[in-house]
Amino acid sequence: MHLAIRDVSKTYTNGVRALRSVNLDIPRGMYGLLGPNGAGKSTLMRTIATLQEPDTGSITLGDPGSAPGQAIDVVREKDRVRRTLGYLPQEFGVYPSVSAERLLDHFAVLEGFNHRAERRRVVEALLRQTNL
């Protein structure tokens, strides 16, 4: 899905301006955000993932030219976004001794993949996709 970010700004209550009029068009695919600490990467990701709201601007998830009602307004339609988008922050508090494979297997069970062979296939595909 295409992600359109228009004039998104965020200033925290302590006065830190994390985002200032961010404009991005991100086509379908896998991408990463790179930048120094304090550049606003986590703030942008948390905003896209509906964990916090921007002060201004809009974020739309959907293919350009899609029929009306198909594109998702990230700020106003949080439940629709959460059914579509996955977000895994760099630090999220898992047990350090648990491997990525075991953690993904656990998540697969939570998502309803009850058969071991099916889980294994899904986990292996995800590990390949993310080069883990």
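This text goes with the structure placed above it.
Residues numbered from 1 in each chain as written. Predicted model: local features only at pLDDT ≥ 70, side-chain atom pairs only at ≥ 80, totals over all residues. Heavy atoms only, no water.

Caption draft 1: Here's a closer look at the sheet that holds strand S2 (residues 17-26). Spatial ordering of the open sheet is given by S2-S1-S3-S4, a layout of four strands whose pairing is antiparallel. Each edge of the open sheet carries a strand with a single partner, namely S2 and strand S4 (72-73). In the sheet, strand S3 (residues 56-61) pairs with S4 via two bridges, with the strands oriented antiparallel. Bridge pairing in S4 places Leu 61 opposite Ile 72. Running at roughly 65° to S2, helix H1 (residues 41-48) makes contact with strand S1 (3-11), S2 and S3 of the sheet. (Pairing = 2+ DSSP bridges. Helix = DSSP H or I, 4+ residues; strand = E, 2+ residues; numbered from the N terminus. Contact = heavy atoms within 4.5 Å. Axes fitted to C-alpha atoms, helices over the stretch in contact; angles between N-to-C directions.)

Caption draft 2: Focus on the side chain of Ser 9. When you line up the elements, Ser 9 lands in strand S1. Residue Ser 9 is classed as buried on the basis of its relative accessible area of 14%. A distance of 2.8 Å separates a polar side-chain atom of Ser 9 from the backbone nitrogen of Ser 21. Each residue touching Ser 9, except ones within four places of it in the same chain, is listed here: Leu 19, Arg 20, Ser 21, Pro 54, Asp 55 and Thr 56. (Buried < 20%, exposed > 50% of the residue type's maximum accessible area, 1.4 Å probe, protein only. Polar contact = N/O pair within 3.5 Å; in protein donor to acceptor, adjacent residues only side chain to side chain.)

Caption draft 3: Quick look at the layout of surface pockets. Reported here for the largest pocket is a volume of approximately 2,100 Å³. Contributing to the lining of the largest pocket are 42 residues, with Met 30, Met 45, Gly 86, Tyr 87 and Leu 88 lying nearest its centre. Secondary-structure elements contributing two or more residues to the lining of the largest pocket are S2, H1, helix H3 (100-110) and helix H4 (116-129). Here the lining of the largest pocket gets six residues from one element, more than from any other, and that element is H3. Considered class by class, the residues forming the lining of the largest pocket number 30 nonpolar, eight polar and four charged. (1 Å grid on protein atoms, 1.4 Å probe; cavity = no way out; pocket = protein on both sides within 12 Å on 5 of 7 lines; lining within 4 Å. Points joined across faces, edges and corners; volume = space filled by probe spheres on them. Nonpolar A, V, L, I, M, F, W, Y, C, P; charged D, E, K, R; others polar.)

Caption draft 4: Quick peek at the packing of H3 against H4. Relative orientation of the contacting elements H3 and H4 amounts to 130°, with a least axis distance of 9 Å. Taken together, the axes of H3 and H4 are oblique relative to one another. The element H3 and its partner H4 pack so that their crossing is right-handed. Contacts between H3 and H4 involve Ala 100, Glu 101, Leu 104, Asp 105, Ala 108 and Val 109 from the former and Arg 119, Arg 120, Val 123, Leu 126 and Leu 127 from the latter. (Parallel < 35°, antiparallel > 145°, perpendicular 65-115°, else oblique. Left-handed = near helix turned anticlockwise from the far one by under 90°.)

Caption draft 5: Quick peek at unusual backbone geometry. At Asp 7, a residue that is not glycine, the phi angle is positive and equals roughly 50°. Positive phi is not limited to glycine here, since Thr 50 has a value of about 65°. With respect to the element layout, Thr 50 can be found in the loop between H1 and S3. Looking at Thr 50, the relative accessible area reads 5%, which means it is buried.

Caption draft 6: Expanded view of the pattern of salt bridges. Counting across every chain of the model gives nine salt bridges. Of the charged contacts in the structure, one is a salt bridge between Asp 63 and Arg 28, with a shortest N-O distance of 3.3 Å. In this pair, Asp 63 is assigned in the loop between S3 and S4 and Arg 28 in the loop between S2 and H1, connecting sequence segments 35 residues apart. We note a salt bridge from Arg 120 to Glu 101, for which the minimum N-O separation is 2.0 Å. Placement of Arg 120 in helix H4 and of Glu 101 in helix H3 is noted, with a sequence separation of 19 residues between them. Through salt bridges that share partners, Glu 101, Arg 120 and Glu 124 make up one connected network. (Salt bridge = Lys/Arg side-chain N within 4 Å of Asp/Glu carboxyl O.)

Read these as spatial facts, not as claims about activity.
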